[in-house]
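In case you want the letters, here they are:
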Amino acid sequence: MTMIHSVVMIIAAELQEKASLLECAIGKDEAPLPGKTYVRPLSPDGSEPVTHWGCHTWETQAFLDGKEAAKSGDYPPSVDFAVYGLSKDDAHSAAAGLIVSVRDIAVRPRDHWDEVLAASGLVPVVIKTEDLKL
Amino acid sequence: MLGLGISLWGQRRAAAAVLDPATLSPHLWLDPSDLTTLFQNSNGTGAVAADNDPVGYIGDKSGNGNHFIEATAAARPIYKTSAGLSWLAFDGVDDSIGGPLVNGFITEAVYDIFCAGIVNTIATDDPSDQPTFNDALFSDGGGLIGLHFRQSAPRMCAFNYDGSPDTANDDYTAGEAFVAHIRHSGGNLSLTQNARATVTVASGDTGSVINPASIGRNRTDTSHAWTDCKFYGMIARKTIFSAGEVAALKTYMGAKVGLVL
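The structure presented is a predicted model; accordingly, all values stated were derived computationally and were not measured. (Residues numbered from 1 in each chain as written. Chains lettered and ligands numbered in written order. Predicted model: local features only at pLDDT ≥ 70, side-chain atom pairs only at ≥ 80, totals over all residues. Heavy atoms only, no water.)

Participant: Could you give an account of the overall build of chain A, naming the residues involved and the relevant values?
Facilitator: Regarding its fold elements, chain A presents four helices and five strands. When the helices and strands of chain A are read in sequence order from the N terminus, they spell out β-α-β-β-α-α-β-α-β. Since a compact globule built from 134 residues should have a radius of gyration of about 14 Å, the 15 Å found for chain A is in line with a globular shape. Each principal axis of the C-alpha atoms in chain A carries an extent, and together these give about 45 × 35 × 30 Å. Accessible area for chain A stands at about 6400 Å²; split by element, carbon and sulfur atoms hold 56% of it. In chain A, 12 positive and 20 negative side-chain charges are present, and the distance between their average locations comes to 5 Å. (Helix = DSSP H or I, 4+ residues; strand = E, 2+ residues; numbered from the N terminus. Rg over C-alpha atoms; globule rule 2.2 N^0.38 Å. Areas by Shrake-Rupley, 256 points an atom, 1.4 Å probe, with all protein chains shown as cover. Lys, Arg positive; Asp, Glu negative; His and termini not counted. Charge placed at Lys NZ, Arg CZ, Asp CG, Glu CD.)

Participant: Any chance you could break down the sheet that holds strand S4 (residues 99-104) of chain A for me, citing the residues and the numbers?
Facilitator: Residues and elements named next belong to chain A. One open sheet accounts for five strands, arranged S4-S1-S3-S2-S5; its pairing is antiparallel. Looking along the sheet, the strands with just one partner apiece sit at the ends: S4 and strand S5 (123-124). As defined by bridge partners, strand S1 (residues 5-12) adjoins strand S3 (residues 52-59) across eight bridges and the pair is classed as antiparallel. From the neighbouring strand, Val 8 faces S3, where its bridge partner is His 56. In the packing of helix H4 (residues 109-120) onto the sheet, the strands contacted are S1, strand S2 (40-43), S3, S4 and S5, and the crossing angle to S1 comes to about 35°. (Pairing = 2+ DSSP bridges. Contact = heavy atoms within 4.5 Å. Axes fitted to C-alpha atoms, helices over the stretch in contact; angles between N-to-C directions.)

Participant: Quick rundown of empty space enclosed by the protein? Include the residues and the values.
Facilitator: Considering all chains together, one arrives at two cavities of 30 Å³ or more under this definition. Approximately 60 Å³ is the volume found for the largest cavity. Lining the largest cavity are A:Met1, A:Met3, A:Lys28, A:Thr57, A:Trp58, A:Glu59, B:Pro54, B:Ala73, B:Arg76 and B:Ile78. If one sorts the elements of the lining of the largest cavity by residue count, S3(A) sits on top with three residues. Of the residues in the lining of the largest cavity, the class split is six nonpolar, one polar and three charged. Estimates place the volume of the second largest cavity at around 40 Å³. Looking at the lining of the second largest cavity residue by residue, the classes come out as four nonpolar, one polar and three charged. (1 Å grid on protein atoms, 1.4 Å probe; cavity = no way out; pocket = protein on both sides within 12 Å on 5 of 7 lines; lining within 4 Å. Points joined across faces, edges and corners; volume = space filled by probe spheres on them. Nonpolar A, V, L, I, M, F, W, Y, C, P; charged D, E, K, R; others polar.)

Participant: A description of unusual backbone geometry should follow, citing residues and the corresponding values.
Facilitator: For the bond from A:Ala31 to A:Pro32, the omega torsion is 5°, close enough to zero to count as cis. Residues A:Leu33 and A:Pro34 are joined by a peptide bond in cis, for which omega reads 10°. Examined against the element boundaries, A:Pro34 turns out to sit in the loop between helix H1 (16-25) and S2. At B:Asn52, a position not held by glycine, the phi torsion is positive, near 75°.

Participant: Lay out the interface of chain A and chain B with the relevant residues and their values.
Facilitator: Residue-level contacts link 31 residues of chain A with 44 residues of chain B. Together chain A and chain B conceal approximately 2900 Å² of surface at their shared face, both sides included; 51% is due to carbon and sulfur atoms. With a shortest N-O distance of 2.7 Å, A:Lys36 and B:Glu70 are connected by a salt bridge. At the surface where chain A touches chain B, the tally comes to 13 residue pairs in polar contact (both at pLDDT 80 or more). Elements that contribute at least two residues to the side of chain A that touches chain B include exactly S2, S3 and H4 of chain A. No other element matches the four residues that S3(A) contributes to the side of chain A that touches chain B. (Buried area = accessible area lost by both parts, 1.4 Å probe. Salt bridge = Lys/Arg side-chain N within 4 Å of Asp/Glu carboxyl O. Polar contact = N/O pair within 3.5 Å; in protein donor to acceptor, adjacent residues only side chain to side chain.)

Participant: So what's going on with the pairing of strand S17 (residues 228-237) of chain B? Which residues, and what values?
Facilitator: Residue and element names in this part refer to chain B. Counted residue by residue, S17 has nine buried out of 10 residues, so it is predominantly covered. Judged from the three bridges that link them, strand S1 (residues 28-30) and S17 form a sheet pairing that is antiparallel. Each bridged residue has a counterpart across the sheet, and for Leu 28 the counterpart in S17 is Ala 236. Where strand S6 (residues 85-91) meets S17, four bridges bridge the pair, whose relative direction is antiparallel. Following the sheet pairing, Leu 88 is matched in S17 by Phe 231. (Buried < 20%, exposed > 50% of the residue type's maximum accessible area, 1.4 Å probe, protein only.)

Participant: Describe the side chain of A:Ser101, naming the residues involved and giving the relevant values.
Facilitator: All names here are of chain A. By the element assignment, Ser 101 lies in strand S4. One polar contact links Ser 101 to His 112, side chain to side chain, over a distance of 2.8 Å. Not counting residues within four places of it along the chain, the set of residues in contact with Ser 101 comprises Ser 6, Val 7, Val 8, His 112 and Val 116.

Read these as geometric descriptors, not functional statements.
In structure tokens, the structure reads:
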């Protein structure tokens, strides 16, 4: 499963949970549900509320082919949406709403990430968690 | 003179060649150059075999079971190999690998850690020099220990929290290979980078050692938690290494990252 692509994916906040569950359904993430594929909070000006969530991954051509097929509702028969609380319509809306940018794996990931955010008019949101110091 | 020269050369070669870190009884030993310890999936399946394979599991070679894992495919680093070196590449966007509690390889009062890496770019500049808000090669989930980096007067910072933050800082330029030796013992925290002078600050017992360790990110902040870096290995023990062991480990870890130390 050698990776050949740098991939940035962004999903609207209202579709984040479905998109994350979809990643679990296709075996790219796992419990605790809904997984944590889309972990970078984004918004137009970097302030809350978060309007989108994003991620960067290194991937195969087969993964990208699968993403493209999913936009048409075409999934391998082995994918069991119900196990993850998804309907086919849920999966379709999540797949169709996904922004996917693909570059050669040689690109510096942060450059790719920054490029896609700029093109999408999005900025990372700083959500500082409380100081735990357990 | 000739005889002496040959003798010293022979000793150095022998020391570098024969060190087996297992003989030092470390509590953690991660070695990305050993493909038998790397797997693509977090459950330890799918051997890593080639450049650009994802890594979801790094086995702990110390025998103490402190394996590092990542269940989310998008968050896994990839294995890279070139010119005889091997490393894990973290994307600086959302990659990390972790899991074991730090008490598997440190105690509140004592730890001795060697790690080898390259931070490609430093994207953070928190002036408090705390790992919570700065890029980190490794850290724990409570923000109590780690090795982190900041932009201004660019530096690497060994961190220990004993009720207040303590950092041992040294200059660092992004893109440079390093071996960092972090020692916490006798109420002090020290950082030695490569062959540079050791920096030592006072630091008492670590406030907690029950948080999970991570490589490739700091602990919790969701905006700049992830580090654009290469990871070449890590060895840690709950007791300090002897001077001879330190010298041998510097040489050993230096070779992992392409340095002669």
